[in-house]
Amino acid sequence: MIITVEGLHKSFGKLEVLKGIDCEVSVGEVLCVIGPSGSGKSTFLRCLNFLESFTEGQVTIGGHNLTGPKTNLNAVRRDVGMVFQGFNVFPHMKVIDNIMLAPMKVGKVSRTEARTRGMALLEKVGLTNKADVYPSTLSGGQMQRVAIARALAMEPTVMLFDEPTSALDPETVGDVLDVMKTLAEEGMTMVVVTHEMGFAREVADRVLFMDAGVIVEEGTPAQIFESPQHVRTQTFLSKLL
Amino acid sequence: MTLYFGDILPYLPVMLEALWVSIYVTLISFAAGGVLGIFIYLAKASRFRSLKLISNGYIEVIRNTPLLVQLYLIYFGLGSIGINFNPLWSVLIGMTLNNSAYTAEIFRAGISAVPKGLREAGTALGMPFHQTFRYVILKPGIRNVLPALTNQFIVLFLFSSIGSVIALGELTSTLQNLNSQTLRTLEIFSVGALLYFLTSAAIAVASRITERLAFRW
């Protein structure tokens, strides 16, 4: 198991948003997390690299226990790539510099090496011709692909995606999903919080339905989408159609 | 009535010299106050309650008292207990302290206006906070503060006229002297105002150009 989550609880003040999550992800698995807004799915994802601290429970990722006494969170995060809903591309750096920054500053990779790697990643996400422009000239879909390349530049073992297409224009969603699909096919371990049911159905190995801070139901895409067992899952899915 | 600008023309070099005093007093106190302001901002943004309290208190006291009174306190107040500064030092200290409180607030506003997501992206890449701050937050932050800093610089420059109350020999006090020598009140002060205006406008334009050159993204 590359990710193990046990009894995860998280409260914001008095509001308990995660009420005991248990979950495991194996190497190479693509796990999609679906559920209504406010169900805690993004918070859950953000707990996996400790971008969000949690109140109770254990998270082990890539062999690191996040709350262990000797855990270096920065070292953990180097192995865990993250893609955000709002892209969070660095606006003051050219596309290629966005990708080269962390390998150079954190990974101690030489500039030439970082650039070579960065260009290869840009090719992978189909943006070779955008290497030397500033992000402000890019569309949302292009920015998100830069963000994916930036995360991949650290050669992570796990990728976390937090609603990566929710802020995109419909016509650019496909490009981003294609990149993610390719990644999945290459065997990347991925946890994807998403509203793209088509993607979850097609790419996920396992789908997890969350509501009100708990995992209501999980199973293969076929199980969840064709024959959901729980009423809340049924209601949620029926609203989408 | 008739205006006689010709009469005051010979005094123009004196005025320009005095203008230069105003400018360099502003430059020094802006730079020194800026550095001090960074430390006050860092204290305010720190985790330590006592540092927060002290810096907040400092900022509030400075921002809620007139610069003129602050200057009197330094020049006359401290003078009365035997701590004497000459007019130049008094003005430099007063303007530096005053500027530091305002600049600290400008830094705070500018840095906190940098989207939280950028910091998270840096953190998620495994960069320790000092790297995230330096490579991710700083430049957008500077871009945020530049217009406000320019404004502060101009305000400070205009405030330097209070040096006249302790006879610093900057532009305003020189205008007062020339006025009593020539009695060309309207001419003297309108030319003086024009000098202040042109300098401020030049600063604003320079700032715009800097912004355009430095922030091409």
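Named according to an unreviewed UniProt entry, chain B is Amino acid ABC transporter permease originating from Cryobacterium frigoriphilum. One UniProt comment on chain B, placed under Sequence similarities (unreviewed entry), says "Belongs to the binding-protein-dependent transport system permease family." UniProt lists a comment for chain B under the heading Subcellular location (unreviewed entry), and it reads "Cell membrane".

Engineer: Explain the UniProt feature "transmembrane region" (unreviewed entry) in chain B to me, please; I cannot follow it from the model alone.
Structural biologist: Residues and elements named next belong to chain B. Under the feature "transmembrane region" (unreviewed entry), the UniProt entry names residues 20-43, 148-168 and 188-207. The distance separating the terminal C-alpha atoms of residues 20-43 is 34 Å; by composition the span is 100% helix and 0% strand. Across residues 188-207, the secondary structure splits into 100% helix and 0% strand, with the terminal C-alpha atoms separated by 29 Å.

Engineer: Would you explain helix 6 (residues 116-124) of chain B in this entry?
Structural biologist: Among the nine residues that make up helix 6 of chain B, seven are buried, leaving the element largely enclosed by the rest of the structure. Of all the residues in helix 6 of chain B, the buried ones are G117, L118, E120, A121, G122, T123 and A124 of chain B. Next to the buried residues of helix 6 of chain B lie helix 1 (41-47), helix 2 (73-78), strand 6 (80-83) and helix 5 (140-152) of chain A together with helix 7 (129-159) of chain B. Positive backbone phi, at 90°, marks G126 of chain B, one or two positions downstream of helix 6 of chain B.

Engineer: Honestly, the layout of surface pockets in this entry has me stumped. Any pointers?
Structural biologist: Remark: the empty space left among the atoms is shown by a probe the size of a water molecule rolled over them. In this structure, the largest pocket occupies an estimated 460 Å³ of space. Taken together, 16 residues line the largest pocket, and the ones lying closest to its centre are Y41, A45, R119, F129 and F133 of chain B. Counting only elements with at least two residues in the lining of the largest pocket, the list comes to helix 2 (12-45), helix 5 (87-112), helix 6 and helix 7 of chain B. When its residues are assigned to classes, the lining of the largest pocket shows ten nonpolar, two polar and four charged. Estimated volume of the second largest pocket: approximately 280 Å³. Lining the second largest pocket are 13 residues, with M93, D97, L101 and R111 of chain A together with Y135 of chain B positioned closest to its centre. Within the residue set of the lining of the second largest pocket, elements represented by two or more residues are helix 3 (95-105) of chain A together with helix 7 of chain B.

Engineer: Hey, could you run me through the packing of helix 3 of chain A against helix 5 of chain A in this one?
Structural biologist: Between two packed helices, both the angle of their axes relative to each other and the distance between the axes serve to describe the pair. Residues and elements named next belong to chain A. Direction vectors running N to C along helix 3 and helix 5 enclose 25°, while the axes themselves pass 8 Å from each other. The pairing of helix 3 with helix 5 is recorded here as roughly parallel in orientation. Seen along the crossing, helix 3 lies across helix 5 with a hand that is right-handed. For the pair helix 3 and helix 5, the contacting residues are V95, N98 and I99 in the first and V146, A149 and R150 in the second. Taken together, the residues of the contact of helix 3 with helix 5 break down into four nonpolar, one polar and one charged.

Engineer: Could you clarify how one ought to interpret the nonpolar core in this entry?
Structural biologist: Residues and elements named next belong to chain A. Ranked by internal contacts, the top residues of the largest apolar core, which has 55 residues, are I3, V5, L8, F44, L48 and V191. When near neighbours in sequence (up to four residues on either side) are disregarded, L8 contacts L18, K19, G20, I21, F44, C47, F54, E56, G57 and V59. Ranked by size, the runner-up nonpolar core spans 52 residues in total, among them A184, V192, M197 and F209.

Engineer: Help me out: how do you make sense of a nonpolar patch on the surface in this one?
Structural biologist: Where nonpolar side chains cluster on the molecular surface, the patch consists of V35, I38, F39 and L42 of chain B and spans about 370 Å² of accessible area. Look at I38 of chain B and you get partly exposed, because its relative accessible area is 37%.

Engineer: Please explain the packing of aromatic side chains as it appears in this structure.
Structural biologist: We describe a pair of aromatic rings using the distance from one ring centre to the other and the angle between the two ring planes. All names here are of chain B. Counted according to the given criterion, the structure contains nine aromatic pairs over all chains. Taking the centre distance of 6.1 Å and the plane angle of 40° together, the rings of F129 and F133 count as tilted. One end of the pair, F129, and the other, F133, are both in helix 7, four residues apart, so they sit about a helical turn from each other. Overall, F133 belongs to the partly exposed group, its relative accessible area being 23%. Relative to W217, the ring of F215 has its centre 5.2 Å away and its plane inclined at 70°; by these criteria the two rings are edge-to-face. Assessed through its relative accessible area of 10%, F215 is described here as buried.

Engineer: How should I be thinking about the interface of chain A and chain B in this particular structure?
Structural biologist: Often the size quoted for an interface is simply the accessible area lost on bringing the parts together. Chain A puts 24 residues into the contact, and the matching count from chain B is 18 residues. At the boundary of chain A with chain B, total buried surface from both sides reaches about 1800 Å², with 69% on carbon and sulfur atoms. Per-residue buried area on chain A facing chain B is highest for F90, H92 and K105 of chain A; these three make up 29% of the total on that side. If you look at where chain A meets chain B, you find one salt bridge. Among the salt bridges present, the one from R46 of chain A reaches E120 of chain B, with a minimum N-O distance of 2.6 Å. The tally of links from chain A across to chain B stands at four residue pairs in polar contact (both at pLDDT 80 or more). Within the residue set of the side of chain A that touches chain B, elements represented by two or more residues are helix 2, strand 6, helix 3 and helix 5 of chain A. Among the residues forming the side of chain A that touches chain B, the class breakdown is 14 nonpolar, five polar and five charged.

Engineer: Would you mind going over empty space enclosed by the protein with me for this structure?
Structural biologist: Taken as a whole and judged by the stated rule, the model has one cavity of 30 Å³ or more. In this model, the largest cavity occupies a volume close to 90 Å³. Considering the residues around the largest cavity, the lining is formed by 13 residues, among which G81, M82 and A151 of chain A together with A124 and L125 of chain B are closest to the centre. Residue contributions to the lining of the largest cavity peak at three residues, all from strand 6 of chain A. Counted by class, the lining of the largest cavity contains nine nonpolar, one polar and three charged residues.

About the thresholds
- Residues numbered from 1 in each chain as written.
- Chains lettered and ligands numbered in written order.
- Predicted model: local features only at pLDDT ≥ 70, side-chain atom pairs only at ≥ 80, totals over all residues.
- Heavy atoms only, no water.
- UniProt positions renumbered as here; feature names shortened; annotations may be inferred.
- Helix = DSSP H or I, 4+ residues; strand = E, 2+ residues; numbered from the N terminus.
- Buried < 20%, exposed > 50% of the residue type's maximum accessible area, 1.4 Å probe, protein only.
- Contact = heavy atoms within 4.5 Å.
- 1 Å grid on protein atoms, 1.4 Å probe; cavity = no way out; pocket = protein on both sides within 12 Å on 5 of 7 lines; lining within 4 Å.
- Points joined across faces, edges and corners; volume = space filled by probe spheres on them.
- Nonpolar A, V, L, I, M, F, W, Y, C, P; charged D, E, K, R; others polar.
- Axes fitted to C-alpha atoms, helices over the stretch in contact; angles between N-to-C directions.
- Parallel < 35°, antiparallel > 145°, perpendicular 65-115°, else oblique.
- Left-handed = near helix turned anticlockwise from the far one by under 90°.
- Core = buried A, V, L, I, M, F, W, Y, C linked by side-chain atoms within 4.5 Å.
- Patch = residues over 30% accessible without salt bridge, like charges linked within 9 Å, V, L, I, M, F, W, Y side chains within 5 Å.
- Areas by Shrake-Rupley, 256 points an atom, 1.4 Å probe, with all protein chains shown as cover.
- Salt bridge = Lys/Arg side-chain N within 4 Å of Asp/Glu carboxyl O.
- Phe/Tyr/Trp six-rings, centres within 6.5 Å; stacked < 30°, edge-to-face > 60°.
- Buried area = accessible area lost by both parts, 1.4 Å probe.
- Polar contact = N/O pair within 3.5 Å; in protein donor to acceptor, adjacent residues only side chain to side chain.

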